[in-house]
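What follows is the residue order along each chain.
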Amino acid sequence: MSKGIIFTKASGLNDSAFGKSQEPIRAIINDQVEAWEVKSQLENIFCMESTKNFAEKFTSETAIGGFKPVGENGAYPDTSFQEGYSKIIEPEEWKNRFSVTKTMLEDNKISKVKSMSNEFTDSYCRTREQFGAALLAGGIGSKITFEGKEFDVTCADGKPLFHAAHPSKTKGTKQVQSNLFKGAFSVKVMDKVQEKMQDFRDEDGNLLAVMPDTIIIPNDSELKRAVFAAIGSEKDAETNKNAINFQVGLWNVLIWPFLPKTLNGKPYFMMMDSQFNKNHLCAPWLERVPLSVHSYVDENTDANIFKGRARFGAGFNNWRFISICGEGFTEGTDLTALNA
């Protein structure tokens, strides 16, 4: 993200009263973005893609038929596949700005200028995190409203990212699959969600061998303790029978503070296959124009204006990379009885 920052300034600005502030502000913006990158979860959840187009179409193909036994010198069997569901994602335009007044420089309020530069960069990076988290958490529905604008959070099949009845392109509603589950977090519920994901099928019903390796949770203390207890002990965390806990060593846990602590008033967790996500571009994040900061003097106020503009967008293509489970999802596949 920081590698692509574009900083420009109006001609003659170096010769003005604001000249000496330009490079320090530029350095602050770059350094602050780099600091945010260290704690950002965007690249761990979304597939970061650059684009030069107005929009991008993401699609998949139905599976090629399996190999067949043909005997000695047998002919090659014909097989075919077709385009699966598709999704178009369009980068949005994002803008903000701040002003450094001539009075600030005259009164030598350099610390205030630095603070404003930091706040400006925080605003940009925080917006990206908030937007990504809003898309992910909003995946239990079809749309979200972010900063007054609606964004689509459906997948290529037209269903919300998390849904109990994703249809097949080739089989329609005769083959539906769920990645929305109902149940409070426990070792057994986690085992069941993992099993369900490992049974995900492609459009033709072929097993995909999805292998979830990541658990995503909000910054909730009780949930954090429960998750790490479930995956951190070599023995069964819920009994004293010393049974082997096969979940040990399988998981990367992402704690994303920008996620809401509850959904539908109840705790929840997500389970993701990070490699399947990357291989199939399931959650693309499109970078169209990097953060571009332009500095100029407003002739009317004599203030040095710093305006920032970027174009990026994100959405969901293939739902099979992720599942969500929580007590509040009444329409989800019920795991509370552990016989679903």
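A brief look at the structure comes next. (Residues numbered from 1 in each chain as written. Predicted model: local features only at pLDDT ≥ 70, side-chain atom pairs only at ≥ 80, totals over all residues. Heavy atoms only, no water.)

**Observations regarding the overall build of the protein**
Line of reasoning, step 1. Broken down by element type, the protein carries seven helices and 17 strands.
Line of reasoning, step 2. For the protein, the spread of C-alpha atoms along the three principal axes comes to 80 × 60 × 35 Å.
Line of reasoning, step 3. When each of the 340 residues of the protein is scored for burial, the buried share is 45%.
Line of reasoning, step 4. Residue pairs in contact within the protein that sit at least 24 positions apart in sequence constitute 73% of those at least 6 positions apart.
Line of reasoning, step 5. When the accessible area of the protein is evaluated, it comes to approximately 17700 Å², of which 47% is carbon and sulfur surface.
Line of reasoning, step 6. Of the side-chain charges in the protein, 40 are positive and 44 negative, and the distance between the mean point of each set is 2 Å. (Helix = DSSP H or I, 4+ residues; strand = E, 2+ residues; numbered from the N terminus. Buried < 20%, exposed > 50% of the residue type's maximum accessible area, 1.4 Å probe, protein only. Contact = heavy atoms within 4.5 Å. Areas by Shrake-Rupley, 256 points an atom, 1.4 Å probe, with all protein chains shown as cover. Lys, Arg positive; Asp, Glu negative; His and termini not counted. Charge placed at Lys NZ, Arg CZ, Asp CG, Glu CD.)

**Let's talk about the packing of aromatic side chains**
Line of reasoning, step 1. Counted under the stated rule, the structure contains 17 aromatic pairs.
Line of reasoning, step 2. A connected cluster of aromatic rings, assembled from ring pairs, spans F46, W94, Y124, F131, F146, F151, W285, F312 and F316.
Line of reasoning, step 3. We note R128 situated over the ring of F312; from NZ or CZ to the ring centre the distance is 5.0 Å. (Phe/Tyr/Trp six-rings, centres within 6.5 Å; stacked < 30°, edge-to-face > 60°. Lys NZ or Arg CZ within 6 Å of the ring centre and 35° of its normal.)

**Here we look at the pattern of salt bridges**
Line of reasoning, step 1. Under the criterion given, the structure shown has eight salt bridges.
Line of reasoning, step 2. K95 is paired through a salt bridge with E93; the nearest N and O atoms lie 3.7 Å apart.
Line of reasoning, step 3. R309 is the salt-bridge partner of E93, the closest N and O atoms lying 2.5 Å from each other. Here E93 is found in strand 5 (residues 92-100), whereas its partner R309 is found in strand 15 (residues 304-314), with 216 residues between them in sequence.
Line of reasoning, step 4. E93 gets classed as partly exposed once you look at its relative accessible area, which sits at 38%.
Line of reasoning, step 5. Overlapping salt bridges bring together E93, K95 and R309 as one network. (Salt bridge = Lys/Arg side-chain N within 4 Å of Asp/Glu carboxyl O.)

**Focus on helix 5 (residues 187-198)**
Line of reasoning, step 1. Between its terminal C-alpha atoms helix 5 stretches 16 Å, which fits the 16 Å expected from twelve residues at 1.5 Å a residue.
Line of reasoning, step 2. Within the sequence span of helix 5, burial applies to V187, V189, M190, K192, V193, Q194 and M197.
Line of reasoning, step 3. The inward-facing, buried residues of helix 5 abut strand 10 (180-182), strand 11 (214-217), helix 6 (221-232), strand 13 (268-272) and strand 16 (322-326). (Expected span 1.5 Å × (residues − 1).)

**Section: the nonpolar core**
Line of reasoning, step 1. Core analysis: the biggest nonpolar cluster contains 79 residues, and L136 and F316 have the highest contact counts within it.
Line of reasoning, step 2. Here the element with the most residues in this core is helix 4 (residues 110-137); it accounts for ten residues. (Core = buried A, V, L, I, M, F, W, Y, C linked by side-chain atoms within 4.5 Å.)

**A few points about the sheet that holds strand 13**
Line of reasoning, step 1. Spatially, the six strands line up as an open sheet ordered 12-11-13-16-10-17, and their pairing is mixed. Every other strand in the sheet has two partners, leaving strand 12 (252-255) and strand 17 (333-334) as the edge strands with one partner each.
Line of reasoning, step 2. The pairing of strand 10 with strand 17 spans two bridges and is parallel. The residue bridging K182 from the neighbouring strand is D334, located in strand 17. (Pairing = 2+ DSSP bridges.)

**Digging into the pairing of strand 9 (residues 172-177)**
Consecutive side chains of a regular strand alternate in pointing toward one face of the sheet and then the other.
Line of reasoning, step 1. By the bridge criterion, two bridges tie strand 8 (residues 166-168) to strand 9 in an arrangement that is antiparallel. By the bridge assignment for strand 9, S168 is matched with G172.
Line of reasoning, step 2. The hairpin formed by strand 8 and strand 9 contains three residues between the paired strands.

**Let's talk about the environment of W94**
Line of reasoning, step 1. Relative to the helices and strands, W94 is located in strand 5.
Line of reasoning, step 2. It is 33 Å that separates the C-alpha atoms of W94 and G328, two residues lying 234 residues apart in sequence.

**Re the pairing of strand 14 (residues 284-297)**
Line of reasoning, step 1. When strand 1 (residues 6-9) meets strand 14, the two strands line up parallel, connected through four bridges. When the sheet's bridge partners are listed, I6 is paired in strand 14 with S292.
Line of reasoning, step 2. Taken together, the ten bridges between strand 14 and strand 15 define a ladder with antiparallel strand orientation. Across the sheet, V293 pairs through a bridge with G308, a residue of strand 15.
Line of reasoning, step 3. Between strand 14 and strand 15, which pair antiparallel in sequence order, lie six residues; one of them, D302, sits at a positive phi of approximately 65°.

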